[in-house]
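# Examining the three-dimensional arrangement
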Amino acid sequence: MAETRFMTINMGPQHPATHGVLRLVLELDGEVIVKATPHIGHLHRGVEKLAESKTYHQVIPLTDRLDYTNAMGNNLAYVLAVEKLLGIEVPKRAQCLRVMMAELQRIAAHLIWLGTHALDIGAMTLLFYNFREREDILRIFEEVAGGRLTPTYLRIGGVSKDLPDGIAEKIRSFVDAFPARMKEYETLLTKNVIWLQRTKDVGIISREDAINWGVTGPTLRGSGVKWDVRKAVPYSGYETFDFDIPTGSIGDVYDRYTVRLREMEWSNSIVKQALDRLPKGPVLASDPHVVLPAKEDVQKDIAALIRQFKIASEGFRPPRGEVYASVESAKGELGFYIVSDGSNHPFRVRIRPPSFLNLSALPKMVEGRLIADVISIIGSIDIVLGEIDR
Amino acid sequence: MVDIHPAVKKLQEAFPALTLDVKIFREEVTITVPRKEILEICRFLHADPDLQYQFLTDLCGLDFFPEHPRFEVVYLLTSLKTNHRLRLKAKVEEGESVSSVESVWKAANWLEREVYDLFGIPFEKHPDLRRILLWDGFEGYPLRKDFPVEGPDFDKPFVPEV
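So, how was this worked out
- Residues numbered from 1 in each chain as written.
- Chains lettered and ligands numbered in written order.
- Predicted model: local features only at pLDDT ≥ 70, side-chain atom pairs only at ≥ 80, totals over all residues.
- Helix = DSSP H or I, 4+ residues; strand = E, 2+ residues; numbered from the N terminus.
- Buried ≥ 20, exposed ≤ 12 C-beta atoms within 10 Å, placed from the backbone.
- Contact = placed C-beta atoms within 7 Å.
- Rg over C-alpha atoms; globule rule 2.2 N^0.38 Å.
- Pairing = 2+ DSSP bridges.
- Axes fitted to C-alpha atoms, helices over the stretch in contact; angles between N-to-C directions.
- Nonpolar A, V, L, I, M, F, W, Y, C, P; charged D, E, K, R; others polar.

Turning next to the overall build of chain B. Scanning chain B from N- to C-terminus turns up three helices and seven strands. Scanning chain B from its N terminus toward the C terminus, one meets helices and strands in the order α-β-β-α-β-β-β-β-α-β. Dimensions along the principal axes, computed over C-alpha positions, put chain B at roughly 60 × 30 × 25 Å. Looking at chain B as a whole, 40% of its 162 residues qualify as buried. Long-range pairs, those at least 24 residues apart, make up 50% of the contacts in chain B with a sequence separation of at least 6.

Encoded structure:
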C-alpha cells in the first residue's frame, strides 16, 4: 500500500483570516506545515493595463483602489512619480498637507491591521476600539476630501482643496487623544499571556532572508533592518520632520506587532508637527499646462474655461522618459514606475506593490510551524489583496 | 556634468568587454545591458562590497510592439549601504528567454512569474515558472500592447467548461 504521509488542505479564498481572497494550499505532516503555496490573482482587475488607456489625471482614482486601507499613500506615490516626470515643484503647504494626510492614513491602516490581526487570534474586543478611532480619521477625510475610503485627495501638483474651516481643531483633538487610546490597546495585548504565546517566536524571518525576499515596511523592520523610504529616500519634505524608525530584533510576529504600534505613535507625532508648522500659501502648483484652474476662474474667465476643457479631456504631454518614485506606505515600499512616450497617456504604469513581495516570503515564514500559526503570521505581514492582485 | 555613477564605473572595470548604454533622466541611472549577461551582472552588483545592491526593489516588463527587439525586462536595484537606486534593462526579442535572477534575489521569484504571466517572457532556470495573477489556461498576455484593453472576447458570452 502506498504511504500517504502528507495531507493537503486548502485554506481560502473565502477564509475570514486570509484578509481578502488569498488561497493557500498547505501540505501537512500531522499539524505541521511542510509546504505552503499561495495562490493569488482572485482580485486582479488589470489596473496597470487600464492605466495605459487613461490620461495622467484619470489614473489617480485607480490608485485609491489598490491598497484600499491606504488610499492617501497610494495617491501620493503616483503623483510623486508624475511630478518627477514633469519636473514640477509642489508648494510647501501642499507638501505638508500630503504628509499630514499620509500619516493619518497610516494610523487608520495600522488600526485595521491591529483590529483584524487581534480578531484572527481571538482577541475580539480590540476591533471595536480600533474602528472607533479609525472612524474619527475617516470623518476627517470626509470633510477634507469628500471621500472616506477612497478620498482621491491628491492632485498632480498639489492637493485638490485646502483644509475646510474648523478641521484643524478636529485633527488636533484626535492627535491629542490618540496616545491615551494607544495605552488602551496595549493593556489588552502587549503583556497578555495568550497574545504572547501566539506571537512570540512565531513566523521568524531573519534579517538576511527578509532583505533577499524583497520584504519592506514594518515586516522588514521587525527583523531589525532600520530601513524606511521616508528616511532612506525622503520625499514630500519628510526630511524636515522629527521621527524615528522603530525596529524589532528577531523578526517574529510579536516584533512586527511592536514595530507597528511604535510606528503609529510616530505617525501621530508627525501629524502634530505638520499641524504646528503648516505653512501658508497655495495648495496647487501654478503650472497652467498640468493643473486644473480654480472653479471660480472657470466660471468667470474664458481662457480658464478652455484650459479646464483641454486638461480634462486631453490631459497633458510630459516629456519622454521614465521615472520611479516610491513612498513608505503602511505595508512597505509602494513605488510607481512610469514610462512616458511623450503622449497624453502613460506608456506603462508599473506598480511596485509592497504586499506582493511581503506575501511571497510567507512560505518561508510558515514552513515548519503549526496551522494555527499561519493565521497569526498572515495577520502580522498585513496584506491587502487589492494591492497584490492589482 | 553629472558624476559617473559608481556602479557604472565598477561594472566597466569588471566587464571590460561589454558596452554599457547609460542613460540619466531626472537623476535616475538606467543601464541597458546585453540579455545574456544579466545574471552575471546582477550577481556582481549584489556581491560587490562597495555597491551592495542587496535589494531587488522591482522587476517588470515593457512592450515596445511593433519595434524590434520587442520587450525590455527592467530591474530596479536598491543598495542598502548607500540607498542608491540603479535600473538595469535587458532587451528581449519575442520568443527569446532571459536568465532568472532568482538565485541572486529570492524576490525575483514572484516578480519573474508576473512578467511571464502578463508579457509571456520566459525565464531560464526559474524554479517555479507558472502564471501568478491569471489562471492556468488563460490565453494571451494582457500587458502586451497588441492585447486589447477590453479583452479579446469581451463581446462573447463567457460559458465555463463544466
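Having seen it, we continue.
Moving on, we get to the overall build of chain A. Across its full length, chain A holds 17 helices and eight strands. Rg of the C-alpha trace for chain A: 22 Å, near the compact-globule value of 21 Å for 390 residues, within the 12% margin. Projected onto its principal axes, the C-alpha coordinates of chain A cover approximately 85 × 50 × 35 Å. Put simply, of all contacts in chain A between residues at least 6 apart along the chain, 70% involve residues at least 24 apart.

Looking now at the sheet that holds strand 6 (residues 321-328) of chain A. All names here are of chain A. Pairing is antiparallel across the open sheet formed by three strands, whose spatial order is 6-7-8. Taken across any chain shown, the strands that pair with only one partner, and hence form the sheet edges, are strand 6 and strand 8 (348-352). Neighbour to neighbour, the strand axes of the sheet diverge by 15 degrees on average, direction disregarded. Summarising the sheet, strand 6 and strand 7 (residues 333-340) pair through eight bridges and their orientation is antiparallel. Across the sheet, the residue bridging to Glu322 is Val339, located in strand 7. On top of the sheet, helix 3 (residues 71-86) reaches strand 6 and strand 7; it is set at about 150 degrees to strand 6, its chief contact.

A word on the interface of chain B and chain A. With 26 residues of chain B at the interface, the matching set in chain A holds 32 residues. The set of elements that each furnish at least two residues to the side of chain B that touches chain A consists of strand 2 (28-33), strand 3 (55-63) and helix 3 (108-119) of chain B. By residue number, the principal contributor to the side of chain B that touches chain A is strand 3 of chain B, which donates six residues. Here the residues of the side of chain B that touches chain A sort into 16 nonpolar, five polar and five charged.

This part is about the pairing of strand 7 of chain A. All names here are of chain A. Most of strand 7 is tucked away, with eight of its eight residues classed as buried. Taking every second residue as pointing to the same face, both faces of strand 7 are buried, with Glu333, Gly335, Tyr337 and Val339 on one and Leu334, Phe336, Ile338 and Ser340 on the other. Counted between consecutive antiparallel strands, the loop separating strand 6 from strand 7 contains four residues, among which Gly332 sits at a positive phi close to 155 degrees. Pairing geometry for strand 7 and strand 8, over five bridges, is antiparallel. Looking across to strand 8, one finds that Val339 is bridged to Arg348.

This part covers the pairing of strand 2 of chain B. Where strand 1 (residues 21-25) of chain B lies against strand 2 of chain B, five bridges are found, and the strand directions are antiparallel. Following the sheet pairing, B:Val22 is matched in strand 2 of chain B by B:Ile31.

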